[in-house]
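# Structural overview
For reference, the chains in residue letters:
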Amino acid sequence: MIRICSTDDVVPGEGLRITSTVPPIAVFRTEDDEFFALDDTCTHQDASLADGWLEGCRVECPLHASTFDLRTGAVDEPPARLPVRAHEVEVRDGEVFVTLSTAVPHLPPGVTLGAS
Amino acid sequence: MTAAPDAGVSARVSESLLRTLGGADYVDPAVFAAECERIFEAGWFCAVHASDLPEPGSFRTVQVGRESILLTRSRRGELRGFFNVCRHRGAQICTEPSGQARRSFQCPYHAWTYDFDGRLVAAPNLTSMPDVGREEYGLRRVHVREWLGYVWVCLAEEPASFETTVEQEILDRLGAMSNLEAYDVASLQVGRRITYDVAANWKLIVENFMECYHCATIHPELTEVLPEFADGLAAQFFVNHGASFGEGIEGFTVDGRVGLERLPGLTSDRDRKYYAITIKPQVFVNLVPDHVIFHRMFPMGPDRTVVECDWLYLPEVVASGADLSASVELFDRVNRQDFEACERCQPAMSSRAYADGGVLVPSEHHIALFHDWVASHVR
Ligand code: FES
Ligand code: FES
Ligand SMILES: [Fe+2]
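Residues numbered from 1 in each chain as written. Chains lettered and ligands numbered in written order. Predicted model: local features only at pLDDT ≥ 70, side-chain atom pairs only at ≥ 80, totals over all residues. Heavy atoms only, no water.

Assigned secondary structure in chain A consists of 0 helices and 9 strands. For chain A, whose C-alpha radius of gyration is 13 Å, the value lies close to the compact-globule estimate of 13 Å for 116 residues. Counting the 116 residues in chain A, one finds 45% classified as buried. For chain A, long-range pairs separated by at least 24 residues make up 40% of all intrachain contacts whose partners lie at least 6 apart in sequence. (Helix = DSSP H or I, 4+ residues; strand = E, 2+ residues; numbered from the N terminus. Rg over C-alpha atoms; globule rule 2.2 N^0.38 Å. Buried < 20%, exposed > 50% of the residue type's maximum accessible area, 1.4 Å probe, protein only. Contact = heavy atoms within 4.5 Å.)

The next point concerns the confidence of the model for chain A. When pLDDT is low, close inspection of the predicted coordinates is not appropriate. On average, residues of chain A score 94 in pLDDT, and 97% of them reach the 70 mark or higher. Looking at the elements of chain A, mean pLDDT is at its lowest for strand E5 (residues 53-55) of chain A, recorded as 93, and at its highest for strand E4 (residues 35-39) of chain A, recorded as 98. (pLDDT = per-residue confidence, 0-100.)

Interfaces are frequently sized by the accessible area removed from exposure as the parts join. Residues and elements named next belong to chain B. Split by domain assignment, chain B resolves into domain 1 (44-154) and domain 2 (162-378). For domain 1 versus domain 2, the separation of C-alpha centres amounts to 32 Å. Each partner contributes to the interface: domain 1 provides 18 residues, whereas domain 2 provides 26 residues. Taking both sides of the interface into account, the surface hidden between domain 1 and domain 2 amounts to around 1,700 Å²; carbon and sulfur atoms contribute 65%. When the buried area of domain 1 at its contact with domain 2 is split by residue, Trp147, Leu148 and Tyr150 rank highest and sum to 34% of it. Linking domain 1 with domain 2 are 3 salt bridges. Salt-bridge contacts for Arg145 lead to Glu163; the nearest nitrogen and oxygen are separated by 3.9 Å. Our enumeration of links across domain 1 and domain 2 arrives at 5 residue pairs in polar contact (both at pLDDT 80 or more). Counting residues per element, the ones that place at least two in the side of domain 1 that touches domain 2 are strand E2 (44-49), strand E3 (58-64), strand E10 (141-147) and strand E11 (150-154). Of all the elements, E2 adds the most residues to the side of domain 1 that touches domain 2, at 6 residues. Looking at the side of domain 1 that touches domain 2 residue by residue, the classes come out as 10 nonpolar, 5 polar and 3 charged. (Domains from an automatic or database assignment. Buried area = accessible area lost by both parts, 1.4 Å probe. Salt bridge = Lys/Arg side-chain N within 4 Å of Asp/Glu carboxyl O. Polar contact = N/O pair within 3.5 Å; in protein donor to acceptor, adjacent residues only side chain to side chain. Nonpolar A, V, L, I, M, F, W, Y, C, P; charged D, E, K, R; others polar.)

Turning to the interface of chain B and chain A, a few remarks are in order. At the interface, 15 residues of chain B touch 13 residues of chain A. Counting the surface lost from both chain B and chain A, the interface buries some 1,200 Å², and carbon and sulfur atoms represent 44% of this. There are 4 salt bridges connecting chain B and chain A. A:Glu60 is the partner of B:Arg102 in a salt bridge, and the nearest nitrogen-oxygen pair spans 2.7 Å. Along the contact surface separating chain B from chain A lie 7 residue pairs in polar contact (both at pLDDT 80 or more).

Next up on the list: helix H4 (residues 202-210) of chain B. Residues three or four positions apart in an α-helix share a direction because the helix packs 3.6 residues into each turn. All names here are of chain B. Burial analysis of H4 places 9 of its 9 residues in the buried class, the great majority of the element. Within H4, burial applies to Trp202, Lys203, Leu204, Ile205, Val206, Glu207, Asn208, Phe209 and Met210. Where H4 begins, the side chain of Asn201 points an oxygen toward the backbone nitrogen of Lys203, at a separation of 2.9 Å.

Our focus in this paragraph is the packing of aromatic side chains. Residue and element names in this part refer to chain B. Across all of its chains, the model carries 19 aromatic pairs over all chains by this definition. Between Trp44 and Phe162 the ring centres are 5.4 Å apart and the planes differ by 85 degrees, which places this aromatic pair in the edge-to-face class. With Trp44 in strand E2 and Phe162 in the loop between E11 and helix H2 (163-174), the pair connects residues that are 118 residues apart, well separated along the chain. For the residue pair Trp44 and Phe162, the accessibility class agrees, reading buried in each case. (Phe/Tyr/Trp six-rings, centres within 6.5 Å; stacked < 30°, edge-to-face > 60°.)

This part covers the state of the cysteines. Overall, the coordinates contain 1 disulfide over all chains when judged by the stated rule. Here B:Cys212 is linked by a disulfide to B:Cys215, with a sulfur-sulfur distance of 1.9 Å. Between B:Cys212 and B:Cys215, the disulfide has an S-S torsion of -110 degrees and is therefore left-handed. The same class applies to B:Cys212 as to B:Cys215, namely buried. Take A:Cys57: it sits in no disulfide, and the sulfur closest to it among the cysteines is that of A:Cys5, at 18 Å. By relative accessible area, which is 23% here, A:Cys57 ends up partly exposed. B:Cys94 takes part in no disulfide bond, and the closest cysteine sulfur, belonging to B:Cys107, lies 9.8 Å away. Judged by its relative accessible area of 9%, B:Cys94 falls in the buried class. (Disulfide = S-S within 2.5 Å.)

Below you can see the structure in the form of structure tokens.
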């Protein structure tokens, strides 16, 4: 488990892109103050899901509006076809900790591991 | 009464006559380009009614001079105006005249995506280009303010003074701001809107609106309601002059029948009166006891002008579903009569016979002030 950020770093209803991980992840804080973490890069094209639109338990990609489940990373409808990975989150004393998924990430064409 | 100048562009031709602008000023693309640059894209321009943008992401696109301007509201409901130009490679962001954006404005070319504050929020591969500033590459903003219930924009880097331009026009015509405040225009609602696509230069429309020498000839219904217009002197010839309704006229309606609920702020001296104001360069306002008629002109080219005209009533009148047709029809007819006259002039503007222009009779001499105003900006 790694410390990712403070809870205060994430605005309620928004996401924060974290580049200290490989690949970058997005930490989301819902309006109900729940925290989730997904791979940040959409599986369709290189777009940051942290810049997407958070609604309920889903985030909508800012580019072409596929949405991903914050709990599982599952995608609802094209153009994105593959899920993003969901990471386990724990909040302790105002700090956000994440256990990164060990699954193979689905990165969009042209994006490779290690690209920041 | 307004004194007309002897000098300037409007030289005196004889005892009664002043010269108009020459025909080329109404057709020459270079003249129109200069007017766009120095007048429409430099000063305050009345764009849309605030109710045209009911919520975040509601948008209108309007032509201001040579620019397409995108108007919307931020997520917090504040008015925002942008050049409708993608910062990537220039595609027009919104091609619709109006609509409701869902989440953001997305360029249809490569999907650069802007929030309702104009900030660049997403683009393909944006995260791998950390040097692309999201504010720096946001949509370019224009100045925006709300007045009389309308959204006014200014495209200049440093906005022109609203007080010494727009508000001064009210003072010049009505003598005091309180004479306009009595109508509480901002509280009124759009009961009806009619858009006219006029094949005439914008200056012909301003000139027409300023004078009433034509009234008895082309406006039979209006002259019936306001008989003094038969003398050819427009309300705009004077300061704070209201033209009186004729005997037996009960309201500002197409047949003189009674109008709608009177605006509550009016004193009895304004009860049976019609006032008209030109707010240069593109707004005309008519004030009558039960409504306000608000015209915005959008010059589209030397020989084409779109006019959006709103009939504004008390909110309770609009909500009641009252029949507005008799009051709308009066000025709708006036507008059609006026625009037909302007369209009749436009083809002659390029005639050899009109190269030196025409003449202004004494009841039109105040139009020379408008010509001088245009010339002072463009020359
Ligand atoms: S980049 Fe996410 S749906 Fe296209
Ligand atoms: S021109 Fe707008 S995204 Fe390329
Ligand atoms: Fe007229």
